[in-house]
Amino acid sequence: KGNTVVATYKVSQADNVVFEEDVDPILPGVFSVSATKKVNFTKSNLYRDGSDFRFETKPTDCPTTWDANHVGHFYWTKTAAASYAVSYSDGTTAGTDVFWCGESNKLVVGGTSGLYALTETEWSYLLNTRANASDLKKRGVTVDDVANCLIIAPDDYGIALKTSYTLAELNAAGLVCLPPTGNRGSSGVNFSTTTGQYFTASPYGADAKRLYFSNTSGPTFDSANRNWGLALRLVKTVEELI
C-alpha cells in the first residue's frame, strides 16, 4: 500500500529503533484531519542535509544547534530554497502567500512523493475535533530519554496513551511522536528541550500559524513570525497510498 523506498538514513542495532534500511517512511495508521479527509504521517521530522530533503533517523530527533548541513528548522516562505537558508530572505509577507510545502506544492523526499504540511484547521481537527480526540493525544510524554514529546494516535487506536515509551514500543504502536523542537532564530536554536513549535501551512497576515506545546501547556495554535525557524512533520493523503 504505497511506495517502498530506500531510506535516506542508516541505523544500527545499538539505536534500538525499528526502522530498517528499506522501509516506507510513512506510518501505517490513519488520521482524520477533516470530516472527509484522512492522512498518514511520516515517521519523523523533515530536515535538509545541504543538498537534499531527508527524514530524521528517529521520531525524537531534531537539531538543537544550528548546522547548515543539517537544517531541521524551516522558515515560512514561498520557496523551498529560502526555507532552509541561513537567514530569511525571500520577502514572503503577504496574507495570500502559499507555503512552500503546502498541499498545492507537495514535496518528494527520498523517493516518496505527495508530502505536505497540514493547515491550522486540519491540525486543529485532528487534535480537537475528530472522534475521541482527547484520548488520542498526550503531551509531556517521554520517549526513551527525550522528555516533553506530544504523542498522537491514529483514529482506531483503542489503548490509553502512556506517559513514557521506548522507541520500539512507539514504532510498534504506530504512534506519531512530535519531539520538543524549539525554534531557530538566525544561527541559534532556543527552547529545544521544553517546547514543540511546528509551522502549519496557514498564513496569518504577515505571520503564520504554528502548532505549539510545552512541558506545561498545549497543544494550541498561535501566530509566529515567518522568520522564526520551526520544525515540520509532513503527511500524505490516504488516497495517494492506495
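Residues numbered from 1 in each chain as written. Predicted model: local features only at pLDDT ≥ 70, side-chain atom pairs only at ≥ 80, totals over all residues. Heavy atoms only, no water.

Comments concerning unusual backbone geometry
Quick reminder of the rule: Comment: elements are numbered from the N terminus, with helices defined as DSSP H or I runs of at least four residues and strands as E runs of at least two. With a 1.4 Å probe rolled over the protein chains alone, any residue whose accessible area is under 20% of its type maximum counts as buried; one over 50% counts as exposed, and the rest are partly exposed.
Omega for the peptide link from Gly218 to Pro219 comes to 5°, which places this bond in the cis form. Residue position: Pro219 is located in the loop between β14 (207-214) and β15 (220-224). One non-glycine residue, Asp144, lies in the positive phi region at around 50°. Among the structural elements, Asp144 can be located in the loop between β7 (137-143) and β8 (146-152). The partly exposed category is assigned to Asp144, whose relative accessible area is 35%. One non-glycine residue, Phe191, lies in the positive phi region at around 60°. Inspection of the secondary structure puts Phe191 in the loop between β12 (188-190) and β13 (195-204).

Some thoughts on the pattern of salt bridges
Note the threshold: In the sections that follow, a salt bridge refers to a side-chain nitrogen of Lys or Arg positioned within 4 Å of a carboxyl oxygen of Asp or Glu.
Counting across every chain of the model gives nine salt bridges. For the salt bridge of Lys37 with Glu122, the shortest nitrogen-to-oxygen distance reads 2.7 Å. With Lys37 in the loop between β1 (31-32) and β2 (38-41) and Glu122 in helix α2 (residues 120-129), this residue pair connects regions lying 85 residues apart in the sequence. With a relative accessible area of 13%, Lys37 lands in the buried category. Residue class for Glu122 comes out buried when judged on its relative accessible area of 11%.

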